[in-house]
Amino acid sequence: MSAEMTGGCQCGQVRYRVSGAPPTLWACHCGECQKQSGSAFGLSLPAPAAAFEPTGAMASWSRATASGRRTTCFYCPECGSRIHHVGSHRADWVTIKAGTLDDTSRLVPGAHIWVSRKQPWVVLDPAVPAHPTQPDDMMAWRASFAGAVA
């Protein structure tokens, strides 16, 4: 995949560009990601905040996480598409909701988190790293597996 990716919301009001090396993609099976995505899991694509360039007005709300920290969730106020999150402990990183990319055809999760809460009908590839909850040190955990954006 190229060093630049683009994406946006469903209605087109919010657009973004991500530059730099393709980040590692993971699937999160927690209850919050299931609710947010309306599916069995959410796809998370971390990137340095400096590499993420959004355009268009966004709204936000904040929620507590399982670790006791907070995450701020940004979305389009017109269509409601969730675009990205910023954790209170790592404001220098964003987590892009990968389903909002313009081209999702080559996305393959390089890992799974919160598999203790995954839907029973979801079958995981045993070759892909999986964690029962969220790792305590997400940065070290991300570095432990290869990027999966081809």
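Up top you'll find the structure we're talking about.
Residue numbers restart at each chain and count upward from 1, following the sequence in its written direction. Selection of residues for local features in this predicted model requires a pLDDT of at least 70, selection of side-chain atom pairs for listing and counting requires 80 or more, and totals for whole chains, interfaces and linings are taken over all residues. Excluding hydrogens and water, the side-chain values take into account all heavy atoms of the structure.

Caption draft 1: Spatial organisation of the pattern of salt bridges. By definition, a salt bridge exists where a carboxyl oxygen of Asp or Glu is found within 4 Å of a side-chain nitrogen of Lys or Arg. All chains considered together, the criterion is met by four salt bridges. In this structure, R17 engages E4 in a salt bridge whose closest nitrogen and oxygen atoms are separated by 3.6 Å. With R17 in strand 2 (residues 15–19) and E4 in strand 1 (residues 4–8), the pair connects residues that are 13 residues apart, well separated along the chain. Exposure classes here rest on a 1.4 Å probe applied to the protein chains alone. A residue is buried below 20% of its type maximum, exposed above 50%, and partly exposed in between. Take R17: its relative accessible area is 32%, and that puts it in the partly exposed class. For R17, the salt bridge is made with E53, and the minimal N-O distance between the two is 2.7 Å. In this pair, R17 is assigned in strand 2 and E53 in strand 5 (residues 52–55), connecting sequence segments 36 residues apart. Given a relative accessible area of 35%, E53 falls into the partly exposed group. Look at the salt bridges and you will find they share partners, linking E4, R17 and E53 into a network. Helical segments are the DSSP runs of H or I of at least four residues, strand segments are the runs of E of at least two, and each set is numbered from the N terminus.

Caption draft 2: Region of the structure containing the pairing of strand 2. Side chains Y16 and V18 project from strand 2 onto a buried face, and the interleaved R15, R17 and S19 project onto a face without burial. A pair of strands is labelled paired if DSSP reports no fewer than 2 bridges between them. Bridge count for strand 1 against strand 2 is five bridges, and the pairing is antiparallel. Its bridge partner being in strand 2, E4 is matched across the sheet by S19. In textbook terms, the turn of a hairpin is the stretch between consecutive antiparallel strands, and for strand 1 and strand 2 this stretch comprises six residues, one of which, G12, has a positive phi near 90°. One ladder, built from four bridges, connects strand 2 with strand 5; its direction is antiparallel. Looking at the pairing, R17 lines up with E53 of strand 5.

Caption draft 3: Region of interest: the nonpolar core. Here, nonpolar core refers to any group of buried Ala, Val, Leu, Ile, Met, Phe, Trp, Tyr and Cys residues whose side-chain atoms link them within 4.5 Å. Counting 17 residues, the largest nonpolar core has Y16, V18, L45, F52, I96 and L101 as its most contacted members. Sorting the residues of this core by element identifies strand 2, strand 4 (42–48), strand 8 (82–87) and strand 9 (93–97) as the ones contributing at least two each. In this description, contact between two residues means that some pair of their heavy atoms is separated by no more than 4.5 Å. Those residues within four positions of F52 in sequence are excluded, and the remaining contacts are Y16, R17, V18, I83, H84, V94 and I96. W26, C30, I113 and W114 belong to the second-largest nonpolar core, a separate cluster that totals seven residues.

Caption draft 4: Region of the structure containing the side chain of S81. Mapping S81 onto the fold places it in the loop between strand 7 (70–75) and strand 8. Given the relative accessible area of 9%, S81 is considered buried. Other than its neighbours up to four places away in sequence, S81 contacts C9, Q10, F74, Y75 and C76.

Caption draft 5: Just the sheet that holds strand 2, in detail. Strand order in this open sheet of three strands is 1-2-5, and the pairing throughout is antiparallel. Where the open sheet ends on each side, the last strands, each with one partner, are strand 1 and strand 5. The sheet shows a mean angle of 15° between the axes of neighbouring strands, taken without regard to direction. Angular values range over 0 to 180 degrees, each being the angle between N-to-C directions of two axes fitted as lines to C-alpha atoms, with helices fitted over their stretch in contact.

Function cannot be inferred from these measures alone, as they are strictly geometric.
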